[in-house]
Each structure stands twice: as C-alpha cells, then as structure tokens.
Amino acid sequence: MSAVFPQDLPLAELHAHLGGGVDAATMWELAHQQGIKVPHRDYWEFAEATSVGLGTDGLDGLNRIYQLTELIQSSPEGVEVSVHGMIGGAYRSQRITTHEVRFNPAKRNRGGERDLDAIVMAAVHGVDRATLEYPVRAGLILMMDRSFTAELNEAVVERAIRFRDRGVVAIDIGGPRPRGAGAPYPYRDLAPLVARAREAGLGVTLHAGEEGVNAPDPGPYIEEMHQVIDLGVDRIGHGIIAAFEPRLAERLAEQGVVLEICPTSNLKTGAVRDHEQMAEIVYGLRAAGVQVVLGTDGPEMIGTRLRAEYSFLVGRGALSPTEAVEMNAAGHRASFLADEPFRGARAG
Ligand SMILES: [Zn+2]
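Residues numbered from 1 in each chain as written. Predicted model: local features only at pLDDT ≥ 70, side-chain atom pairs only at ≥ 80, totals over all residues. Heavy atoms only, no water.

Draft legend 1. Focus on the sheet that holds strand β3 (residues 137–145). An order of β1-β2-β3-β4-β5-β6-β7-β8 is seen for the 8 strands of this open sheet, with the pairing classed as parallel. Sheet topology places β1 (11–17) and β8 (291–294) at the edges, where each strand pairs with a single neighbour. Going from strand to strand, the sheet's axes swing by 25° on average, the running direction of each strand aside. Running over the sheet, helix α14 (residues 321–334) touches β1, β2 (96–103), β6 (235–238), β7 (258–261) and β8 and is turned about 65° from β1. (Pairing = 2+ DSSP bridges. Helix = DSSP H or I, 4+ residues; strand = E, 2+ residues; numbered from the N terminus. Axes fitted to C-alpha atoms, helices over the stretch in contact; angles between N-to-C directions. Contact = heavy atoms within 4.5 Å.)

Draft legend 2. Geometry of the pairing of β3. Taken across its 9 residues, β3 has 9 buried, putting it largely inside the fold. By the alternation rule, side chains of β3 split into R137, G139, I141, M143 and D145 and A138, L140, L142 and M144, which are all buried. Pairing of β2 with β3 involves 6 bridges; the strand directions are parallel. Bridged to E100 within β3 is G139. What joins β2 to β3 is helix α5 (residues 116–133), and the crossover it makes is right-handed. Bridging between β3 and strand β4 (residues 168–174) involves 6 bridges; their strand directions are parallel. Within β4, the position partnered with I141 by the bridge is A170. The parallel pair β3 and β4 is bridged by helix α6 (residues 150–162), and the resulting crossover is right-handed. (Buried < 20%, exposed > 50% of the residue type's maximum accessible area, 1.4 Å probe, protein only. Right-handed = clockwise from strand over helix to strand, strands pointing away.)

Draft legend 3. Quick look at helix α7 (residues 191–199). Among the residues making up α7, those that are buried are L193, V194 and A197. One side of α7 carries all its buried residues, which in axial view fall inside an arc of 100°. Residues of α7 that are exposed and point more than 90 degrees away from the buried face comprise P192 and E199. In this structure, the buried residues of α7 make contact with β3, α6, β4 and β5 (203–208). Positive backbone phi, approximately 85°, marks G201, located one or two places after α7. (Arc of directions from axis to C-beta.)

Honestly, that's just the spatial picture; any functional story needs more than this.
Okay, structure coming up:
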C-alpha cells in the first residue's frame, strides 16, 4: 500500500489497548523478568500466539490473548514498562504524537493482590518517562469491564478520578458480557458512574456497536448503542453498527459523538465481513455526517499500523487522501488530551 501521509506527519491514536499495544519482544522479556510461566515453546510461538490471525475465532480469540498479556502486565513494574514501551514505540514507528492508551487496572492486579493505586501510578510513571523522551502528548483511559460487578467498576472509576490531574483523561468499558450473557448489556446502569466521571472532568468513551453488523438479529446491539448515546458519551469505541441503522447515525451526528473505528481489527475479529463492507461502513457513516477517527485497537495484537489503516481506506475509495489528512487532524482535536498542556520536557 502506498503511503497517504508524509513521513513526518504527526498522527493521533485514540483507540489502542495496552494489552494489544506492546511489542512481543518486550512482553516476552517482561514475562521472564517476572518469572511468569509462558505457555509457549519459544519466542516465535509466543509472538504468533499474541497476534490475531485472519479466520481465528474473533472476539473470543482476542479475549484469550488479552488474558495472557494482562497476566504479564499484572504488576506495577509490568505496567510501567508496557505503557512506556507502547508510547515510545508508537512515536518511533508511526510518529504518533497524540496517544491515548487504555487499560483495565483491575485486570492487572492479580485478583486484588496488588494495589490498584500502585498499578495506575505505575502507568502514570510510564507516561511521564515516555513524554520526557519524545515530543508526545499521552494520556490514560481507565477501563471498566462488562463482566465486573458494579462495585469493581466503581473502584476503577474512583481511580480515574483520583488520577485525573496526573494523566488519566477518560473512562471506558469493554470485555465480554457477564457469564456468557448475550446483548443487550445494560449500559444504562452505568449512568451514576458516568455522571461522577463527567463531574470530575473526565472524558467518556465506551465500547459499543462493534458486534451485530452481520447478525441475523442486530436489534440488541442497536439497543446497546442507543443506551450508550443516552448516557451522553463523548466518543464510542467502534460503533460501526450505526452504518446500518439511520436513526443511530442521525443521533451520533446530532450529538457530535465521535466514533473510533479500527478497520483491521474489525476484519480480523470477523465483526465485518470483508474489505468492501469495511469501506462501505466508513463511507456511509461519514456521508451521514458522523464524525469518525481511526485507531488500531492495539497494533501488535491486531498486526497493523495506524498509517496502514488510513492507506487501506484511501485505497478502497472510502476516503480521499485529503480527507485522510483531515481525519487525522480531527483525531488530534477529538482527543481528550486536546486541552492538556504538553507535559513532557521535550514538548514545549
Ligand atoms: Zn477496543
């Protein structure tokens, strides 16, 4: 694919998970450093097993990889090395200068053995170190989980509020639905937590509308997304089902909700049928006036790079090269870091 961006164009990455964003070599070494038994024969097998191939079992495969990477990252040291490595690596490889990294601290504290505050503090240190070394603006999004109890999700939001002025910029929710339950997940129950986060000045972006695009009955997934819009979110992770539901697209456009779309991720998990459908989704949403930004979901796990995501959509005619440049610029503006001063010593 030919490059659509000049090499020195600074990019904005607004949707990347820590569990899928750290290169395999760093993760391999981190596992050994911490004495974690890795269920793979050698480095190569490990590297392949932590990357989603085409035709795997979709979101389940993704969740299996997350379990391993989250285990390796389950200590203050592991989190700091990972956050630092991910932000620095993204700057060197893709020149990403606006970078939001999301993770669930309560999935990295070994079931409560490690202190949640220590985990978040370690992530803050990782951001600080990276912003000292590179001219980047970086921040953290703390994730709740759909399989968590209300109390545990509340504990995550409390940490986000506590570290609000130290690099945490927003909250999110992801993960499988509780006990194999189907959609709809009761997003509306999150209203009190969302309200508290907002009051504290945090941004809100929630995972929704990723599944159901080709489902025989997309109704429950559409319902989830309506509930998320009702919560008054700033952005939505994926939200691609809105391309097939005019009322959803209309509401997103009206309320100025930004969709963070990760094309290669959607293809590799099977959320979207093929390249053509992916291009149609992005084209259709934009034609309906919905604001869209692109992310990778986690470049190492998904096996992609942010620049390749833009090239793919331009190559498929979903965006013109000029629109791609504009979309990236919009990403810098839509970031929860947009109003933050550069904190790094090199960025001033
Ligand atoms: Zn995601």
